[in-house]
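Fold and contact review
Here is what each chain is made of, one letter per residue.
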Amino acid sequence: MEYSKRISENIKNGDTAGFSDIVREFSGKAFALTLRILGNKEDAEDSLQEAFMRLYRAIVSGQFEERSKLSTYFYTIVYNTAVDHYKKIKAKRFSIISIDVEGDNYEEGDDLNKSYAESHHSTGSSYSDKATGENEVSKIIGNYITSLPEQYSVILTMFYINDLSHEEISNILKLPIGTVKNRIFRAKSKLREIILKKYSEEEILQYV
């Protein structure tokens, strides 16, 4: 939080180099999320440029009050800007929140989350442990996530590529945290279905 406050104060005081550092730090991962939503490179580039402009204006005007991490605040802008572009281009509602799931309001500790934890216990991994095999995960996700429908690929991009927590994704999507965990579980299942056609279970289940 201290870093966010310092860099935002610098930008307010005219430090354009500081904002350039933000652009360099976040542009790659932010573009991945925007592209998942819009599905077109040119549209994604336009949307991301607007997202950075919105962030800059928010910092300079004092709208960003350092109550959240700068990364979380920015990814919220990235997501909302891309959805706005989607609505304009497609002339319809973006459907990240329409993932077809049963028991959509599962909360922490219910049967679905328990079954997920139990299935991963045998492989030595944890539901909340994203650090294990991070490089391997990034490569796998990068290669196969685009094969998923957008409602799955977007939430997995947030989780793996943008490295957002369940709580942060919950805030961005305005969904209960139990619903977010449910949908990440469903999205991971879809991803595993695709990846296991190429890799063995031993190679992949410890990472996804």
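None of the values given here were measured: they were computed from a predicted structure.

What counts and how
- Residues numbered from 1 in each chain as written.
- Predicted model: local features only at pLDDT ≥ 70, side-chain atom pairs only at ≥ 80, totals over all residues.
- Heavy atoms only, no water.
- Phe/Tyr/Trp six-rings, centres within 6.5 Å; stacked < 30°, edge-to-face > 60°.
- Helix = DSSP H or I, 4+ residues; strand = E, 2+ residues; numbered from the N terminus.
- Contact = heavy atoms within 4.5 Å.
- Expected span 1.5 Å × (residues − 1).
- Bend = angle between axes of the 7 residues up to and from the residue.
- Buried < 20%, exposed > 50% of the residue type's maximum accessible area, 1.4 Å probe, protein only.
- pLDDT = per-residue confidence, 0-100.
- Core = buried A, V, L, I, M, F, W, Y, C linked by side-chain atoms within 4.5 Å.

Let's talk about the packing of aromatic side chains
Each aromatic ring pair is specified by the distance between its two centres and by the angle formed by the two planes. Evaluated as defined, the whole model comprises eight aromatic pairs. Judged by centre distance (4.7 Å) and plane angle (45°), the ring pair of F64 and Y73 falls under tilted. Through a chain of ring-to-ring contacts, three or more aromatic side chains come together here, namely F19, F26, F52, Y56, F74 and Y75.

As for the side chain of S153
Counting through the fold element by element, S153 comes out in helix α7 (residues 150-161). Dropping the residues within four chain positions of it, S153 is found in contact with R36, I145 and L148.

Focus on helix α2 (residues 16-38)
Here α2 is 23 residues long, yet its end C-alpha atoms lie only 29 Å apart, well below the 33 Å a rise of 1.5 Å per residue gives. In the structure, α2 departs most strongly from a straight axis at S27, where the bend amounts to approximately 50°. Those residues of α2 lying buried are G18, F19, I22, F26, A30, A32, L33, T34, R36, I37 and L38. With its phi angle positive at about 70°, G39 sits one or two positions after the end of α2.

Side note on the confidence of the model for the protein chain
Residues with a pLDDT of 70 or more make up 67% of the protein chain, whose mean pLDDT is 75. Residue range residues 97-132 is modelled with pLDDT below 50. Its contacts to residues more than four positions away, or to other chains, number 55 contacts.

Here's the deal with helix α8 (residues 166-173)
Burial within α8 is extensive, with six of its eight residues counted as buried. Those residues of α8 that sit buried are H166, E168, I169, S170, I172 and L173. On the buried face of α8, the contacting elements are α4 (70-90), α7 and α9 (177-195). Immediately beyond the C-terminal end of α8, within one or two residues, lies K174, with a positive phi of roughly 60°.

Description of the nonpolar core
In terms of nonpolar packing, the biggest core is built from 46 residues, with I22, L55, F74, M158 and I169 touching the most fellow members. Of all elements in the fold, only α1 (2-12), α2, α3 (41-61), α4, α7, α8 and α9 reach the threshold of two or more residues within this core. In terms of residue count, the dominant contributor to this core is α4 (ten residues). Among residues more than four places away in sequence, those in contact with M158 are L33, Y79, D163, L164, I169, I172 and L173.

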